[in-house]
Number of protein chains: 2
Amino acid sequence: MILRMSTLFVRTLRDDPNDAEVPSHRLLVRAGYIRRNAPGIYTWLPLGLRVLRKVENIIRDEMDAIGAQELMFPALLPKEPYEATHRWTDYGDNIFRIKDRKGADYLLGPTHEEMFTLVVKDLYSSYKDLPLSIYQIQNKYRDESRPRAGILRGREFVMKDSYSFDIDDAGLDASYQKHRDAYIRIFDKLGFDYAIVKAMAGAMGGSKSEEFLAKAAVGEDTYVRCSNCDYAANVEAVTVRAPAPVAYDDAPAAHAEETPDTPTIESLVAHLNAAFPREDRPWVAGDTLKNVLVVLKHPDGTREPLAIGVPGDREVDQKRLEGQLEPIEVEPMDEAELAKHPALVKGYIGPGALGEESTSGIRFLVDPRIVEGTRWVTGANVPGSHVIDMVVGRDFTPDGTIEAADVRDGDACPNCDTGTLESARGIEMGHIFQLGRSYAEALGLKVLDENGKLVTVTMGSYGIGPSRAVAAIAEGTLDEIGLSWPRDVAPVDVHIVAAGKEEAIFAAASSLAEELSAQGVDVLYDDRAGKVSPGVKFKDAELIGVPTIVTVGRGLADGTVEIRDRASGEREEVAVGDAAAHVVGLVRG
Amino acid sequence: MILRMSTLFVRTLRDDPNDAEVPSHRLLVRAGYIRRNAPGIYTWLPLGLRVLRKVENIIRDEMDAIGAQELMFPALLPKEPYEATHRWTDYGDNIFRIKDRKGADYLLGPTHEEMFTLVVKDLYSSYKDLPLSIYQIQNKYRDESRPRAGILRGREFVMKDSYSFDIDDAGLDASYQKHRDAYIRIFDKLGFDYAIVKAMAGAMGGSKSEEFLAKAAVGEDTYVRCSNCDYAANVEAVTVRAPAPVAYDDAPAAHAEETPDTPTIESLVAHLNAAFPREDRPWVAGDTLKNVLVVLKHPDGTREPLAIGVPGDREVDQKRLEGQLEPIEVEPMDEAELAKHPALVKGYIGPGALGEESTSGIRFLVDPRIVEGTRWVTGANVPGSHVIDMVVGRDFTPDGTIEAADVRDGDACPNCDTGTLESARGIEMGHIFQLGRSYAEALGLKVLDENGKLVTVTMGSYGIGPSRAVAAIAEGTLDEIGLSWPRDVAPVDVHIVAAGKEEAIFAAASSLAEELSAQGVDVLYDDRAGKVSPGVKFKDAELIGVPTIVTVGRGLADGTVEIRDRASGEREEVAVGDAAAHVVGLVRG
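Everything numeric in this text was worked out from a predicted model, so none of it was measured. Residue positions are counted from 1 within each chain, in the order its sequence is given. Naming scheme: in the order in which they are written, chains are lettered from A and ligands are numbered from 1. Residue-level local features of this predicted model are given only where pLDDT is at least 70; pairs of side-chain atoms are given and counted only at 80 or more, and the full residue set underlies all totals for whole chains, interfaces and linings. For side-chain calculations, the full set of non-hydrogen atoms in the structure is used, while hydrogens and water are omitted.

Novice: How do you make sense of the pattern of salt bridges when you look at a structure like this?
Specialist: Between side chains of opposite charge, a pair can form as their charged atoms come close. Residue and element names in this part refer to chain A. The term salt bridge refers to a pairing of a side-chain nitrogen on Lys or Arg with a carboxyl oxygen on Asp or Glu at a separation within 4 Å. On inspection of all chains with the given rule, the structure shows 93 salt bridges over all chains. With its nearest N and O atoms 3.3 Å apart, the salt bridge here joins arginine 241 to aspartate 417. Note that arginine 241 is positioned in the loop between strand 13 (232-234) and strand 14 (255-258) and aspartate 417 in the loop between strand 21 (400-401) and strand 22 (421-436), a separation of 176 residues in sequence. Residue class for aspartate 417 comes out exposed when judged on its relative accessible area of 71%. Secondary structure elements are taken from DSSP: a helix is a run of H or I of four residues or more, a strand is a run of E of two residues or more, and numbering for both begins at the N terminus. The buried label goes to any residue with under 20% of its type's maximum accessible area, the exposed label to any with over 50%, and the partly exposed label to all in between, with areas taken from a 1.4 Å probe on protein chains only.

What follows is the structure in C-alpha cells.
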C-alpha cells in the first residue's frame, strides 16, 4: 500500500498548538495525526487512525490468544443497571448523562461492568459455561474535570475492556493471571518501558488489583518502587508495615503541660525543646501526633466527621485518603463544622476528645505506625496545652488504622527488609482487577454449581486504553525533531523521500515504492513536486516519525539511495537495486 | 480460525423475543447475534460482530479503492458548528443533547457534515488540494421517535459517511459518480436485491440525490418504479410531468351555482351529476379542485398559512409535502386558525379567496397538473356554492406549483411516454447526495482558485449504514428455518456438526475443522458433547445460517460426510478424505 504525500489528507504545522501541554500532544498535532474538537475530544486524521488501529489489533490478537471473545456493547446505556450498582450516583459529575425525547435517563458508558454482567446473566446459567472471558474495543466517555494532554486524558477515548467470569476464587486467580500474562505481551509488543504496580481495588470492593504504568515524566500517576526488591505500588496502594508493639512498662505517666501559642507542629517542637529539653536528643516533629479533622461526604449525601492521626512529620495525603474511602468524598472540616464539637479546641486537638467512645463521638483512625506502646506529644483539648508521654494502648485507643499519611522517598519498603521506596511517575496504561462478586451480587448473576445449587459468579475486569497508548508510545519514543514510532505501531513501514527535481529521482522513488508495496510493505511516498524543497520533506519525515526513511536524491547519480533509521539517526548508502530487499529485511526484522 | 460451540458466547432461543416486529430481528436475536439493551439500542454478540465487521470491511475496501481516506471524528460533538448550519435547531427532538459538567452544550453526532467541512477548512487552502474524499465508519446517534425492527432503525447505529470536496460542479459530478459506482459494487458484493431511486435533496439545499433501497416487504420506504423504463424514485421525490396548457377560447364563462350541503368531494360530485348533468360523461372527482389549508411551522417558530390545490380525486400526501418544505413542519389548519380568515368558508374554499394577492393573502400552490386552460369545479367561498368552469389563467392564477398530491399505481411515468408507475417497498441502505455549497458557505470553507481568488468548495455526502445492512441482508436471505447468510458476510465459512456420540465422529469432525482452519477457512465447529442431540445441533445450524453445513455423523461408517448448502438445501455425500478440498472449493468460489 502506498500513501502519497501529494494527496494524503495531512498538513504538518511549523508551530506548536496553543493548548499543548506535553510533547506528545504537540507533535501529534503538528505531524497531522490528531486534531482537537473540544476539551478532551479529538479527531483522528488518517495517519493517527492507522496507528490507533495497529495498537487495537495488537491488543485484539493477544485477547483472542487467551480465548477471550469479542463483542460490542452500545456506548449509550440505560440508567437502570448503573442504579443497581449505585454507580449512577457514585460517578457524580464524571459521567455524561442524557435524557431522551421521552425523558428516560441514559448515560454514555464510562466502563461496562454492569452490561457485561447482565449479558452473561442473560446467556449463561451453569458452572459448565464457565470460565468465560469476553471483551470489547470501543469508545468510552468520562466528563473529566481536567481533560489533559491531548489524547492522554480525553473525555471520549478508546478502551479495550475485558471481563472474566468464574465459578470460584481459584478460577478468578487463573483468569487474572492469563490476562496479566497477555498484558505483559501487549506492553512488550507496544514497545513500552513500563512498571506493574499494586493498585487500589476501588469502589466496588474486589481484591487484587495492578496497574501497568508507562514510565514517563509527564505521567499523572505517581508510584513508588523499592530500591532493593521488585515491589512497586501506586501511592494510593502503598501499605505501611506496622512496627511491632513497644513495651511501655517504664513509660512515665502522661502529663499535660502548658504550651502557649503552639497551634502548629513547628511552634510546638520549638517550645518543647525550649521548655522541656530532653537529654538524649532534641524533640522532633515525629514525636508529635497530629490530628486532622475532615468531613466525609457519603454518596447518599450524608456527612460524617472523621479524625485522622498521623506522626507530626507527615501530612495527610488527600489522594491516599480518598483512595481508601472511595466513593466517599473527603473535605476539610471548616470552622462552622468544628464549632459543633465544643470538646475540640483548634490547634490543640488530642485523642482525649476523639474516638467513637469519646465526648465528641468522632471516629478516630490513625496511621499504622502509631502502634501500641508508642509515646506521643499531642493536644490536650485545652487552649495552649499539650499532653506529653501519651501512650497508645494505655492512655488512648484509636478506633482503627488508615493508610492516609503521605509516602516519601526513603520510606521503608513494605515488602523487603533492606530496601527503601523511591517515587517515579507514569501514565496509567492498563488496569487489571479482581472484582470479585460485588457486581454479580448487585445484578443477580448466579449459575448452578455441580450440585445444582445457585452460586454467585466471581469476576475480573481488565482495561487498556488504545487511544491513550498512542500518546504514551509517542511520548516515550519522540525526540527533539519529532515523533519516532516503534515498528509495530508506525502508521507505515517506510517513508520514501524524492529529494530533487529531476525526473529520474521521481521515477526511481516511485518504482521503489511500487516494488515495496508489491511485497506487502506499507509506504508513505513523498512525491510532492514543485516548490516543496528537499529540506521541507526531510523535516516532515522527521516529524512524522516513520522508523525507516529512504532518500532518493543526489546519490542516485552514483546509483545509491540513503536509508536512515529514524530513531538512531544512522544512515547508510545502499545501491538502488538492493534498496527494496534491504528495506524488506528491516521491516520483517 | 475455529469457533467451538462448546465455548462460543452464544445461546440460541427457541422462542421469539416479545418485541420483534420483523423476521430478521426475530432471527438475529434467536440465533444469538444481537441483544437489546434499550429501545433502538443493541449489543453485538460475537457472531453478530463478525458479520458487522465483514460488512464494514467490504465498504472500507471500496472506499479505499476510489481513493477516499479514512479518518475518525468523535461522536460527542460541540454545539457550535451545528448552530452555524442551523441544524442544532432543525434537528429538534431527533438528536441527543448533553450538557457537560461546566454547562457547555454537546450533541451525539447524527451525521458529520459540519465536522468534515471544518477539518478540510483547517487543513486545506488551495484548489491544488482538491478533489478530496474522506470518510469514517463510526457510531451515530438519532433519538428516533419510533425506533423499529431491531437494528433496522436503531438509535445508536454504525454508519459509513463519506464526503467529497471539489472546486467546481464538474468535479462534484465526477466525485458523485465515483461514489455511485463504488456503492453499486458494495451492494452487489453484499448480495442485495436493490433499487437506486431518485430522492429529495433535503434540508440543506443541494441538487442530485439518490437512495439505494434494498427491496423488502418490511421496508419503511415506499418508492415507485416505472413499468417500462428504469425510472425509480422515492415517493417524496416523484415529479409529476405537467401536461401542456390547454386552449380555453371556447370555454364557457365561470358560473357560480348553488350546491347546498356539498362540503365533500363525494357529495359535490353527486350533486353535480344530479343538478348539472353533462352530455358527454358524468362528473367525476377529477373535475373538481380541492383546496387544502395547512399551517407551516418554520424552524424559528413562526407560523404561516398555506393553501394547496389538488385535483379532487387526489389527497395531499403529508410526507411528500414535508419533503418539499423540510425543515419546515406542516400541520393541518384547525378551526381557530381558519376563523382568522373570514373570506374562507369551510367546505367551499375556492381560488377566489386564495393567493398572495387575494383578500386572505394566503399563498396558494397547486399540483402541477393544474395547468393553464384547465377547467375546474371549485369552492365559491360562499356556503353551499361552487363555481363551475373555473379556468386556470383566465379566472385565477395560483402563486406556483408544489409536489404534494399523492402518487398512485398507474400514474404516468414522468420519464417515458408509455410506462406507468407502480409502488414497491424498500429499506434505505445508502444515500448519495450532491450537497453543493451550503455547508461550505455556512462554515466558511473557501480555497484559492487558479487565479488566487477565494472560492467556496462544493461538497457531496455519501452514507451507508453497516448495522442496518446486517439486518437488511438477513431480511433478504432468511427463510422459514432461520438465517441464511451470503458467503461474503457470513460470520464463518463453514459450520461443522459432529452428529453422534462416538469418539470417531468427534475425532473426524475435529480433524476436518483443523484441516480447514489451516487452509484459512473460518469454521464454526459444533463440538458439544453430552446431552445435546444431533437434532438440536441441526436446528441451531439452520438458525445460525452459515452457508455451508458439514455433518459428520452416521455416514462416517461408510467413509462419507454430508455437505449441505444452507440456502438451497441441497445435500451431497462426500468422502471424508475429500471433504476439506471440497469445502475449500465452495468457500473460494
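Now that the structure has been shown, the text picks up again.
Novice: Would you take a moment to explain the relation of the copies chain A and chain B for this structure?
Specialist: A rotation about some axis, followed by a shift along it, carries one copy of the chain onto the other. Alignment of the copies relies on least squares applied to C-alpha atoms, considering only residues that score at least 70 for pLDDT in both. The transformation that overlays chain A on chain B combines an axial shift of 0.1 Å with a rotation of 180°, and the residual RMSD is 0.1 Å. When the rotation and shift are considered jointly, the pair of chain copies conforms to a two-fold rotation axis. Among all residues of chain A, the minimum C-alpha distance to the rotation axis is found for isoleucine 98 of chain A, at 2.9 Å. Contacts are assigned to residue pairs with any non-hydrogen atoms lying within 4.5 Å of each other. A high fraction, 100%, of the interface residues of chain A reappear at the interface in chain B, so the copies pair face to face through one surface.

Novice: Explain the domain arrangement of chain A here, please?
Specialist: By a widely used convention, the size of an interface equals the accessible area lost when the partners come together. Segmentation into domains, and thus their bounds, comes from an automatic or database assignment. Looking at the assigned domains, one finds that chain A contains domain 1 (19-191 + 439-475), domain 2 (255-401) and domain 3 (492-588). The C-alpha centroid of domain 2 of chain A is placed 41 Å from the C-alpha centroid of domain 1 of chain A.

Novice: I would appreciate a short explanation of the side chain of threonine 111 of chain A in the present structure.
Specialist: Residue and element names in this part refer to chain A. Here threonine 111 shows up in the loop between strand 7 (105-108) and helix 5 (113-123). The class of threonine 111 is buried, set by a relative accessible area of 7%. In the analysis that follows, any N or O atom pair within 3.5 Å is treated as a polar contact, provided that within protein one partner can donate a hydrogen and the other can accept it, and provided that, for residues neighboring in sequence, both atoms belong to side chains. At 3.3 Å, the side chain of threonine 111 and the side chain of tyrosine 163 are in polar contact. Excluding anything up to four places from it in sequence, threonine 111 contacts Tyr82, Arg87, Tyr91, Lys140, Arg142 and Tyr163.

Novice: What exactly am I supposed to notice about the pairing of strand 8 (residues 132-141) of chain A here?
Specialist: Consecutive side chains along a regular strand alternate between the two faces of the sheet. Residues and elements named next belong to chain A. Burial within strand 8 is extensive, with 10 of its 10 residues counted as buried. At least two bridges found by DSSP between two strands are what make those strands a pair. Examined bridge by bridge, strand 4 (residues 69-70) and strand 8 share 2 bridges and lie parallel to one another. By the bridge assignment, glutamate 70 is partnered in strand 8 with tyrosine 135.

Novice: Which parts of the structure should I look at to understand the interface of chain A and chain B?
Specialist: On the chain B side, the residues contacting the 52 residues of chain A number 52 residues. Buried area: the accessible surface (1.4 Å probe) lost by two parts on joining, summed over both. Summed over both partners, the interface of chain A with chain B comes to about 4700 Å²; 59% of that surface belongs to carbon and sulfur atoms. The largest per-residue losses of area from chain A upon contact with chain B belong to Phe9, Met72 and Arg101 of chain A, which jointly make up 18% of the total buried on that side. In this structure, the connection of chain A to chain B is made through 6 salt bridges. A salt bridge links arginine 155 of chain A to aspartate 100 of chain B; the nearest nitrogen and oxygen atoms lie 2.9 Å apart. One can count 22 residue pairs in polar contact (both at pLDDT 80 or more) joining chain A with chain B. Residue contributions to the side of chain A that touches chain B peak at 5 residues, all from helix 5 of chain A.

Novice: What should I look at first to understand the sheet that holds strand 27 (residues 523-526) of chain B in this one?
Specialist: Strand pairing in a sheet relies on backbone hydrogen bonds, with the paired strands running either antiparallel or parallel. Residues and elements named next belong to chain B. Strand order in the open sheet formed by 6 strands is 1-27-26-28-29-30, and the pairing between neighbours is mixed. Among the strands making up the open sheet, the edge pair consists of strand 1 (2-4) and strand 30 (571-575). Averaged over neighbouring strand pairs, the angle between their axes works out to 25° when direction is ignored. Sheet topology places strand 26 (residues 494-498) next to strand 27; 4 bridges connect them, and they run parallel. From the neighbouring strand, histidine 495 faces strand 27, where its bridge partner is leucine 524. In this description, a line fitted to the C-alpha atoms serves as the axis of each element, helices being fitted only across the stretch in contact, and the angle between N-to-C directions of two axes falls anywhere from 0 to 180 degrees.

Novice: Could you clarify how one ought to interpret the sheet that holds strand 17 (residues 329-332) of chain A in this entry?
Specialist: Residue and element names in this part refer to chain A. Overall, mixed pairing links the 5 strands, which are arranged 17-15-16-18-21 in an open sheet. What marks the edges here is a single partner per strand, and that holds for strand 17 and strand 21. Looking at chain direction, strand 15 (residues 289-297) and strand 17 are connected through 4 bridges and run antiparallel. From the neighbouring strand, leucine 296 faces strand 17, where its bridge partner is valine 330. In this fold helix 8 (residues 318-325) packs onto strand 15, strand 16 (303-311) and strand 17, with an angle of close to 140° to the strand it touches most, strand 17.

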